[in-house]
Amino acid sequence: MNYSIETLRTFVEAAALKSFSAAARKLNKSQSTVSTTISGFEDDMGFALFDRQGRESTLTFAGRKVLSLVEDILSADERLQALRVELSPDIEPRLSCAFSDIYQPPHAEHVLTILDRQFPHIEFEFLIAENNDVIEMIQNQQAHVGMMESRIEYPADISFSRLPVQGELGLYVLASHPLAKEKQITYQHLTTTRQLRLSSSSETVINSEKNWLAPNYLLLLEMAEQGTGWAILPTWLVKQFGHGLLVSLNYDLWPRKINVDLVWSKHNPPGKAGYWLINKLLNS
């Protein structure tokens, strides 16, 4: 067998995107390079991995079997590389983190204090981002570590790990807003009243006919305090920064618990300080 880790990554990307050309764009390679890599891998295996008959390049039965094992190999390689970085004496000069406001890690200030003691010369950047923006910042190397609301699937180049404690979201509105005076909130109330929601979220659990958008939860909170509509907000953020102006709407199963993940790049993983922070947050 002559395949490399890079060959396995190319195979996984092509399988995830169902397109050699899309995988080439993602990996910054030519389509011919990706096709040649996949063909060489198939020659090594001795059978076809992709069905190239249709518009999409879908995995064969054998390809699906191979994919499962390849993902295990890449996961083991990632853990090995992470251990190498953690045990290395070299520390990255800069650590950028793109964190969602959906969840405030317990003892966050304590963690940053220890980070300062552990890596006193590192330049630390704290960024606020939500949903797909977090993923894009990781992929574009604008951030080394991200925190975001959990999702069922991630891009093939993203590693993730579930935080041990959940966040919580609630429906909030200004106390003097007409919705606050309703004894029983219905779905119709919410869909016919202006919603203040994140501009980075294409999927919403409640789809109002009227929307105002903002890039982060703190701006949504400020807009809600002006009485311009209702918003889905992290409960901790409202308690800490809401000035007592907002009330929670009692609707269905809200407030609701939200799983939160830490994410980072498989292709451009964090350095020693980045992995230290990941482990610290996961074990807080």
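Procedures and definitions
Residues numbered from 1 in each chain as written. Predicted model: local features only at pLDDT ≥ 70, side-chain atom pairs only at ≥ 80, totals over all residues. Heavy atoms only, no water. UniProt positions renumbered as here; feature names shortened; annotations may be inferred. Phe/Tyr/Trp six-rings, centres within 6.5 Å; stacked < 30°, edge-to-face > 60°. Helix = DSSP H or I, 4+ residues; strand = E, 2+ residues; numbered from the N terminus. Buried < 20%, exposed > 50% of the residue type's maximum accessible area, 1.4 Å probe, protein only. Lys NZ or Arg CZ within 6 Å of the ring centre and 35° of its normal. Patch = residues over 30% accessible without salt bridge, like charges linked within 9 Å, V, L, I, M, F, W, Y side chains within 5 Å. Areas by Shrake-Rupley, 256 points an atom, 1.4 Å probe, with all protein chains shown as cover. Salt bridge = Lys/Arg side-chain N within 4 Å of Asp/Glu carboxyl O. Axes fitted to C-alpha atoms, helices over the stretch in contact; angles between N-to-C directions. Parallel < 35°, antiparallel > 145°, perpendicular 65-115°, else oblique. Contact = heavy atoms within 4.5 Å. Nonpolar A, V, L, I, M, F, W, Y, C, P; charged D, E, K, R; others polar.

- Identification of the protein chain as LysR family transcriptional regulator from Providencia huashanensis is taken from an unreviewed UniProt entry.
- What UniProt records for the protein chain under Sequence similarities (unreviewed entry) is the sentence "Belongs to the LysR transcriptional regulatory family."

## Examining the packing of aromatic side chains
Piece 1. The tally for this structure, following the rule as stated, stands at eight aromatic pairs.
Piece 2. Between Phe 11 and Phe 41, the ring centres sit 5.4 Å apart and the planes meet at 65 degrees, which makes this aromatic pair edge-to-face. Within this pair, whereas Phe 11 is found in helix α1 (residues 5–17), its partner Phe 41 is found in helix α3 (residues 31–45), the two being separated by 30 residues in sequence.
Piece 3. When its relative accessible area of 0% is taken as the criterion, Phe 11 is described as buried.
Piece 4. For Phe 41, a relative accessible area of 2% translates into the label buried.
Piece 5. An angle of 70 degrees between the planes, with centres 6.3 Å apart, marks the rings of Trp 236 and Phe 241 as edge-to-face.
Piece 6. A relative accessible area of 35% places Phe 241 in the partly exposed class.
Piece 7. A connected cluster of aromatic rings, assembled from ring pairs, spans Phe 11, Phe 20, Phe 41 and Phe 50.
Piece 8. Residue placement shows Arg 194 over the ring face of Trp 212; its charged tip is 3.9 Å from the ring centre.

## Details of a nonpolar patch on the surface
Piece 1. A surface patch of nonpolar side chains, about 330 Å² in accessible area, is lined by Leu 112, Phe 124, Phe 126 and Ile 128.
Piece 2. Element by element, the count of residues in the nonpolar patch is highest for strand β4 (residues 123–128), at three residues.
Piece 3. Relative to the helices and strands, Leu 112 resides in helix α5 (residues 108–118).
Piece 4. Residue Leu 112 is classed as partly exposed on the basis of its relative accessible area of 36%.

## A word on the packing of α1 against α3
Piece 1. Closest axis-to-axis distance for the α1/α3 pair is 10 Å, and the angle between their directions is 105 degrees. It follows from the interaxial angle that α1 and α3 lie roughly perpendicular. Residues Thr 7, Leu 8, Thr 10, Phe 11 and Ala 14 of α1 lie in contact with α3, whose contacting residues are Val 34, Thr 37, Ile 38 and Phe 41.
Piece 2. Its residues assigned to classes, the contact of α1 with α3 shows six nonpolar, three polar and no charged.

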